[in-house]
Amino acid sequence: MYSEKIKNLLKKIRADIGDTIELKTNNQTHRGKLMPHASESLEDIIVIKLDNGYNIGLKFDSKMQIKKTGTHEKHAKPKHEIKHDPSKPTVLILHTGGTIASKVDYEVGGVVTKFSPEDLVSMVPEIENIANIETKLVFQEWSENLTSKHWQILAKEVYKACNDKKISGIVIGHGTDTLHYTASALAFFLDNLNKPVILVGAQRSSDRGSSDAHLNLICATHLASKSDLAEVVIVMHNSASDDKCSIIRGIKARKMHSSRRDAFKSINETILGTVEKNGTIFMALENYKKRHEGKVKLMNKFEENIALVKFHPNQNPKILEYLTKSGIKGIVLEGTGLGHVYTKGKDNFIPTLEKISKKIPIFMTTQTIYGRVNMNVYNAGRMLQEGGLIGNIHDMHAELAFVKLGWVLGQTKDNKKVAKMMLTNFRGEITESTKFDAFEAY
Amino acid sequence: MLDYGKLGLKVGLEIHRRLDTKKLFCNCSSSMKSLPSKEVSRTLTAVAGELEEIDPAALHEKQRDRKFLYTIYPGETCLVELDDEPPHDCNKEALKISLEISLLTKANIPNEIHFMRKTVVDGSNTSGFQRTAIVGLDGLLNASFGNVRIDTLALEEESAQILRTENNGNIVSYGLNRLGIPLIEIGTAPDMHSPQQAREVAEAIGNLLKSTGKVQRGIGTIRQDINVSIAGGNRVEIKGAQDLRMIETIVELETLRQKNLIEIKQELATREKALKRKYAGNCEIVDLTNIFTKSESKVIKNALSKKDGTILGTKLELFSGLLKKEVQPNRRIGTELSDYAKTQGVGGLFHSDELPNYGIAENEVQEIKKNLGCNENDAFILVADSEPIARKAIKAAIQRAKTIATIGVEKEVRKVNADGTTSYMRPLPGAARMYPETDILPIIADEKIISEIRKNLPESFQKKAEKYQKHFGLNKEIANQLIHLDYWNWFEEIASEVKIDPQIIANLLVHTLPDLKTRDNTNIDKITKDDLIDCLELLKNGKITKDTIPVILKNIVRENISADKVVERHKLEKISDKEALEAIKQIISSQEDKNKKAILQKSMDALRGRLENRRIVELVEEELKHGDN
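Residues numbered from 1 in each chain as written. Chains lettered and ligands numbered in written order. Predicted model: local features only at pLDDT ≥ 70, side-chain atom pairs only at ≥ 80, totals over all residues. Heavy atoms only, no water.

(A) Representation of the interface of chain A and chain B. Listed per partner, the contact involves 44 residues of chain A and 47 residues of chain B. Buried surface at the junction of chain A and chain B, summed over both partners, amounts to about 3,800 Å²; 53% is from carbon and sulfur atoms. Here chain A and chain B share five salt bridges between them. Its salt-bridge partner being Arg208(A), residue Asp83(B) comes within 2.5 Å of it at the nearest N-O pair. (Contact = heavy atoms within 4.5 Å. Buried area = accessible area lost by both parts, 1.4 Å probe. Salt bridge = Lys/Arg side-chain N within 4 Å of Asp/Glu carboxyl O.)

(B) Molecular detail of the sheet that holds strand S17 (residues 273-276) of chain A. Residues and elements named next belong to chain A. Here eight strands make up an open sheet; going across it, the order is S9-S6-S10-S12-S13-S14-S17-S18 and the pairing mixed. Of all the strands in the sheet, just strand S9 (132-137) and strand S18 (281-283) have a single pairing partner and so form its edges. Adjacent strand axes in the sheet meet at a mean angle of 25° when their direction is disregarded. Both strand S12 (residues 197-200) and strand S13 (residues 232-237) contribute to a ladder of three bridges, which runs parallel. Within S13, the residue paired with Ile198 across the bridge is Val233. (Pairing = 2+ DSSP bridges. Helix = DSSP H or I, 4+ residues; strand = E, 2+ residues; numbered from the N terminus. Axes fitted to C-alpha atoms, helices over the stretch in contact; angles between N-to-C directions.)

(C) Summary view of the packing of helix H12 (residues 476-483) of chain B against helix H14 (residues 502-520) of chain B. Residues and elements named next belong to chain B. Relative to each other, H12 and H14 sit at 55°, their axes nearing to 10 Å. Judged on the interaxial angle alone, H14 and H12 are oblique. Read as a crossing pair, H12 and H14 show a hand that is left-handed. Contacts between H12 and H14 involve Ile478, Gln481 and Leu482 on the former and, on the latter, Gln503, Ala506, Asn507, Leu509, Val510 and His511. (Parallel < 35°, antiparallel > 145°, perpendicular 65-115°, else oblique. Left-handed = near helix turned anticlockwise from the far one by under 90°.)

(D) Broad picture of the side chain of Thr178(A). Residue and element names in this part refer to chain A. Note that Thr178 resides in the loop between strand S10 (167-173) and helix H5 (179-189). In this structure Thr178 comes out as buried when scored by relative accessible area, which is 17%. Within the local environment of Thr178, its side chain forms a polar contact with the backbone oxygen of Ser143, the two atoms lying 2.8 Å apart. (Buried < 20%, exposed > 50% of the residue type's maximum accessible area, 1.4 Å probe, protein only. Polar contact = N/O pair within 3.5 Å; in protein donor to acceptor, adjacent residues only side chain to side chain.)

(E) Representation of the environment of Ala465(B). Residue and element names in this part refer to chain B. Inspection of the secondary structure puts Ala465 in helix H11 (residues 461-472). Its relative accessible area of 5% is what places Ala465 among the buried residues. Placed 388 residues apart in sequence, Ala465 and Thr77 show a C-alpha to C-alpha distance of 40 Å. Setting aside anything within four residues of it in sequence, one finds Ala465 in contact with Ala479, Asn480 and Ile483.

Set out below in structure tokens:
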């Protein structure tokens, strides 16, 4: 936004964004289209787009002569109409925001969520050849701004579509940062899932030629339209190349890189399979849930008052007491290695754990991300179990365990039941054995 | 001889030169020395820019389904080049050099520098755009024929380098080592009016850049794009002239092409009048595959063996005899159409002015004419490939045929061929290809920093040459030779490090290095300033002779080791007269006929590099004289 001073001046000469203006100082004259003020620009800078397309910032001062020399011609953008072909399956694309549905905003200076679902179809026209596309905007949020309330709303939308026979599969466009939390939540919230529910995101915004959104969306639409899969999965780049996408069981997925397009990895389990741009689907695992005609049950109750705490050297166990006092209903701990925290001297966690675990469930996971928790091996682990810590022998990564704890607490408040449910495998969130090739270290 | 004044020739230049710093938006090296490792494959799509329009050049590429392979070079490629990480901050040194160059042209520096994304979807940038910012506006350059306006100076990323193309250009391999090297782009107004003027300005800009001492040198570090138009023609941008000497030829041949195209357009108009028939541009595409089921033509047979192999043809009204007209040496109107077809992935096209030939028989030609409804005033073209490709290709060729009739010279981007002629590349991009690079914050061109740069601007070459004479005691000739070298800046730098007669340093740079290149074919680009300093230190300390230096340098390049190591490995240390005399005595005694020439030769072979050549000769002569007594 321009400063009041400049805004008034522009108003006086009736110049709007896009109009051609001329700026004159003693020895220089610049002509160009008035552009919005970039948020990081200095206050007294006027940004213009020159004829050659370049933007420059010019410092405004009182000696500057400014006049409008042309009016912006607005081109009506042709609206993309979505056609229906009865011979094709129907795929519902739900929108929740994120990079996959974003473009540059010059007021804000960064990428913002701006695309309507129709915009997306017009940008990736290939998806229309795969299926009839129905779209719905559920909400527009960057994924870091999503809460469990959003998961509940989204689950309800998916639930409705699952029980709508004419829809073959559901694709959900979503920000990538917390995509794996949403994937876990949807998996728990939708019992007896009957068709593919595919979460898809992008690491490069859709307004650039190199965006990964293109391939991800095409592959997701292929899978939603014809796969026999009935699970919540994430479909994103398989490698740094644009050749195929991985099908990752949503509940086991995790974002493992801040910027690479192949950021999503399957933790402690190999990927379910791959999809190519031409629609070739290869399923590597057989143990996935298959499409069926039954009804889906919505179980989206969630206890949002829970915490995820990462243990680190020098940590004071009082932090757990503090959380409990503040009304937290359950804690997931991210311990070291096989599931350990400090067990010596005055900062020993054991006494604190003994005290707190009588009131609320405390569940152990590992900060190694990959691998299984096993608190039987070392003395520290055994002491922790005696101290009341739950969660021995499982391979759920911390964020997954966090979502699961919220969901379990949404179903029951009985601590014993909670402990049991946390180690029960509901949706494939716990693998029975750790496969050798299920570790992809980058 | 073309009369450029009468033709209204206008030439503008866009000079690109790599800056000698790390990459513009990451910490990778710009040296292009590492060896390739892995490869990733990508695709690009055309997207609408800030003004909601798709750029014509981008749209042109979108029509093709291309795959790009990117090779990674360790140390010279990171996730930024791979478009798998946002750019880091702009390299401060590169920014400073670009501002320095702007000030040298007396350009105005914008108060705020905004990086833009310039849409590029030919795959030469992994992101689908090139990052570029204006660092100077409205500069000036004095030339012998008057002032040349410098419209813009831009700081931008170098593109990735094409390594190879396959499958008629549908798979393109690029090296990521070059991507992201900082470039300064200097764009002049169309103020040159002859090929000679264009060359003079290109040379002057080259010298200005060189005078900063902060630009890369060697093959490929400079690239000149040339904009050419004549009255009644159109602006044509010619890409990638690497050689100064080529500029004159390119301008001359492009002037010729535009002149010929205008004449052909006029010829078509004349025919319209004479035949009382309007050129309608109705080019119906007809499937002619049936005519060729028994064809002898290799190209046709090959095309028909492909999946959906098809022969498509179309009539070009009134074009009879025009397709064989030359527009540039060995390039005809037919070639103009064929260039357009080739951008769609076919190998080329056939046209009626060249048939029967290439295995296509007269009866087949008659059959085509009949099918297309051609009379004696019409021409036709044929494209053979799998159906979708052939259709796109013939459409592109038809588009060009229409513009030949209606516009003549099309606004376009062309690439230089080895002989200075040009081939069509893509349409001229418009302003729609630019949108802001929001991952990089606007840079404030601080008045303090600018005045600091202004104070320390490099001297002009003329001033430098004077200084070399005054302060270093060089003669005028060698001083002038020094400033024309790519590595001229080494002279003062070496002189400040090694306390040795400046004449020796100047000789080394002006004579020894170029001699090694021309006489010995040594790649002197691999010789660093430090290598020269090492040699001069050895000389100063009496460890080697002056004549040994070329031998050492040659081996530094060949064996990739330091000067000291070369001396040690090849036993090049200077020897005393006494030791030399011993060796000469032995040679003489083993030589039966005492032929002076043979003895001299053998002595030189044995002692070269260990004693001054002149001294070896003296010793041999003395010894022979002595022996006679």
